Amino acid sequence: MKIVLKNLTKTFPSRSKKLRQDVVAVNDFNFEIPDGELVGLLGPSGCGKSTTLNLICGLERPTGGQIFFGEEDVTGLAPEHRGVGMVFQNYALYPHLTVRQNILFPLQNLKGKDRLTKEEMTRRTEKAAKLVQLEGLMERRPSELSGGQQQRVAIARALVKMPRVLLLDEPLSNLDARLRLQTREEIRKIQRSTGITTVFVTHDQEEAMSISDRIVVMKEGVVQQIGRPQEVYDDPVNLFVAKFLGTPPINVFHGRIKGERVYIGEDAVLLARGVPDQEVYVGIRPEGFLWQEEGPLHCEMGRVEVMGRDISIVSSHKEAAGAQIRSIISAEIRVDPAQETVRFGVKPNKAYLFKKETKERIRI
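Residues numbered from 1 in each chain as written. Predicted model: local features only at pLDDT ≥ 70, side-chain atom pairs only at ≥ 80, totals over all residues. Heavy atoms only, no water.

Asks: Which residues make up the packing of helix 2 (residues 99-108) against helix 4 (residues 147-159), and what values go with them?
Replies: Interhelical geometry of helix 2 versus helix 4 gives an angle of 30 degrees and a closest axis separation of 7 Å. Between helix 2 and helix 4, the angle falls in the class roughly parallel. Judged by the twist between their axes, the crossing of helix 2 over helix 4 is right-handed. For the pair formed by helix 2 and helix 4, the contact residues are Val-99, Asn-102, Ile-103 and Pro-106 on the first element and Val-153, Ala-156 and Arg-157 on the second. Here the residues of the contact of helix 2 with helix 4 are counted per class, giving 5 nonpolar, 1 polar and 1 charged. (Axes fitted to C-alpha atoms, helices over the stretch in contact; angles between N-to-C directions. Helix = DSSP H or I, 4+ residues; strand = E, 2+ residues; numbered from the N terminus. Parallel < 35°, antiparallel > 145°, perpendicular 65-115°, else oblique. Left-handed = near helix turned anticlockwise from the far one by under 90°. Contact = heavy atoms within 4.5 Å. Nonpolar A, V, L, I, M, F, W, Y, C, P; charged D, E, K, R; others polar.)

Okay, structure coming up:
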């Protein structure tokens, strides 16, 4: 099911007695989610991603704009008539019901022409449980399950209705790191096997990039960039997107362009042909440093961290925007941690320039 958002806007009245201005949670959101894709809404807390999900679901009414499922305008349609399945962060399972009863519950509430026979309800329940690998746990109650198993029950309960759209709101936040990794892989596998158009809300960029066909990066209710995860990582449109994506995060320096060269302090590190002289931010990905004994960028050595196949050199520079610089190089290179300074070259395709005032990207 294709989802189209046209000029979608949601404002909330201000609760501050001093500031009477409305709070804009979602601001003029335009996006088309292709049929069968998994799209990640990504951004920090308060960016409007969960509000967008609630608008798609129908739990919130938009202040402006329209929502289409396929060619059908569902903007004013009640949530129960939209054909959506919703999975929340806190699972929202009934503690006194078994796994089987929790999955079955939505089907028992269908009425009128949508009402199913007992045989059909049983068939759908078994099918949904098998899809999320719960067959041997059907008679247990939620308190007898692990966090990952409870989340799978919540997903099965959403899928049993055979929804047109599946909506996941921070579904992995309550899980430990190992379970998060396992469950996100299962979610991706389930989504591919069912082909249901899925919207996945998260603040974890690694999570979004690993399972999404496309990501939407948001900040303060405004869409910053939309694209395939690797494309957005490799080609950020502004400093916010560049800083939000990437582990370890991008290194940011105060720099300047002079005579079509990019300077960090006194070091000329890149060419910037056709770009006028100006103050800029220079962003360099951790993997964008080249270990060079005569490299143009001089940094003060901090420490060397061995990570197996790679080495992480932690250093500092007076023009760095952060307290430290992290550079990732091959473990085959022998680095003396006792040396006072380190020198690097810079890979042009892993370095980005941003305007000082607007923080928008300067392309070179």
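Alright, that's what it looks like, and here's the rest.
Asks: So what's going on with the pairing of strand 8 (residues 197-202)? Residues and values would help.
Replies: Among the 6 residues in strand 8, 6 count as buried, and that is most of the element. The two faces of strand 8 match: Thr-197, Val-199 and Val-201 on one face and Thr-198, Phe-200 and Thr-202 on the other face are all buried. Pairing geometry for strand 3 (residues 38-42) and strand 8, over 5 bridges, is parallel. Paired with Leu-38 across the bridge in strand 8 is Thr-198. Bridging between strand 7 (residues 165-169) and strand 8 involves 5 bridges; their strand directions are parallel. Residue Leu-168 lies in a different strand from strand 8, and its bridge partner there is Phe-200. Taken together, strand 7, helix 5 (residues 177-194) and strand 8 form a β-α-β motif whose crossover is right-handed. (Buried < 20%, exposed > 50% of the residue type's maximum accessible area, 1.4 Å probe, protein only. Pairing = 2+ DSSP bridges. Right-handed = clockwise from strand over helix to strand, strands pointing away.)

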